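Close look at the chain arrangement
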Amino acid sequence: MGAQRTYALVVGAKEERINLRVDAETKRLLENASEAAGDTVSSFVLGAATTAARELLADRTVFRLDEEQWQAFDAALSRESRDVPGLSELMTTPTILDENP
């Protein structure tokens, strides 16, 4: 592992800081990518990290339903499960994205 560098990322209204330590290769990668994007390293990394965090947490987000929407949602959850023709095979068949299909 090469020499480590510390970067400070400014979040929100620039009231909080996040410090990252990276090796020289990662630093060059982030600098090159941020330059290609026309952005600073801090803004580039913060944008990428924020997008990744939102995507990761998307299915854990609280959502609100009115009474009619809740009834429809609850009814859908309460329905008996059913087999969908071909779904089991589709989910178990190797794809081109699998390492050893």
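Rules used throughout
- Residues numbered from 1 in each chain as written.
- Predicted model: local features only at pLDDT ≥ 70, side-chain atom pairs only at ≥ 80, totals over all residues.
- Heavy atoms only, no water.
- Helix = DSSP H or I, 4+ residues; strand = E, 2+ residues; numbered from the N terminus.
- Buried < 20%, exposed > 50% of the residue type's maximum accessible area, 1.4 Å probe, protein only.
- Contact = heavy atoms within 4.5 Å.
- Axes fitted to C-alpha atoms, helices over the stretch in contact; angles between N-to-C directions.
- Parallel < 35°, antiparallel > 145°, perpendicular 65-115°, else oblique.
- Nonpolar A, V, L, I, M, F, W, Y, C, P; charged D, E, K, R; others polar.
- Phe/Tyr/Trp six-rings, centres within 6.5 Å; stacked < 30°, edge-to-face > 60°.
- Patch = residues over 30% accessible without salt bridge, like charges linked within 9 Å, V, L, I, M, F, W, Y side chains within 5 Å.
- Areas by Shrake-Rupley, 256 points an atom, 1.4 Å probe, with all protein chains shown as cover.
- Salt bridge = Lys/Arg side-chain N within 4 Å of Asp/Glu carboxyl O.
- Expected span 1.5 Å × (residues − 1).
- Polar contact = N/O pair within 3.5 Å; in protein donor to acceptor, adjacent residues only side chain to side chain.
- pLDDT = per-residue confidence, 0-100.

1. A look at the overall build of the protein
- Counting its regular elements, the protein contains four helices and two strands.
- Going from the N terminus to the C terminus, the protein shows its helices and strands as β-β-α-α-α-α.
- When the 101 residues of the protein are sorted by exposure, 7% land in the buried category.
- Restricting the contact set of the protein to residue pairs at least 6 apart, pairs at least 24 apart contribute 18%.

2. Focus: the packing of helix α1 (residues 24-36) against helix α2 (residues 41-57)
- Running from N to C, α1 and α2 cross one another at 90°; their axes reach a closest spacing of 9 Å. Put simply, α1 runs roughly perpendicular to α2. Contacts between α1 and α2 pair L30, E31, A33 and S34 from the former with V41, F44 and V45 from the latter.
- In terms of residue class, the contact of α1 with α2 is made up of five nonpolar, one polar and one charged.

3. Quick word on the packing of aromatic side chains
- Scanning the model with the defined rule gives one aromatic pair in all.
- Ring centres 5.7 Å apart and planes at 50° place the aromatic pair W70 and F73 in the tilted group. On the criterion of helical spacing, the pair formed by W70 and F73 is a turn pair, its members being three residues apart in helix α3 (residues 67-78).
- The exposure class of W70 is partly exposed, given its relative accessible area of 39%.

4. So, the side chain of S34
- As for its placement among the helices and strands, S34 is situated in helix α1.
- Once residues lying within four places of it in the same chain are set aside, the contact partners of S34 are D39, T40, V41 and F44.

5. Concerning a nonpolar patch on the surface
- Residues F63, L65, W70, F73 and L77 make up a contiguous nonpolar surface patch of roughly 490 Å² in combined accessible area.
- Its location among the elements puts L65 in the loop between α2 and α3.
- Since its relative accessible area comes to 34%, L65 is described here as partly exposed.

6. Describing the environment of D39
- Here D39 is to be found in the loop between α1 and α2.
- Its relative accessible area of 37% is what places D39 among the partly exposed residues.
- Those residues in contact with D39 that lie beyond four places of it in its chain are S34 and F44.

7. Describing α3
- Along its 12 residues, α3 runs 16 Å from first to last C-alpha, staying within 8% of the 16 Å computed at 1.5 Å per residue.
- Here α3 starts with a cap whose side-chain oxygen sits 3.1 Å from the backbone nitrogen of E68, and that cap is D66.

8. Regarding the confidence of the model for the protein
- Considering every residue of the protein, the mean pLDDT works out to 86; 85% of them sit at 70 or more.
- Per-residue pLDDT, averaged within each element of the protein, yields its smallest value for strand β1 (residues 4-11) (56) and its largest for α1 (97).

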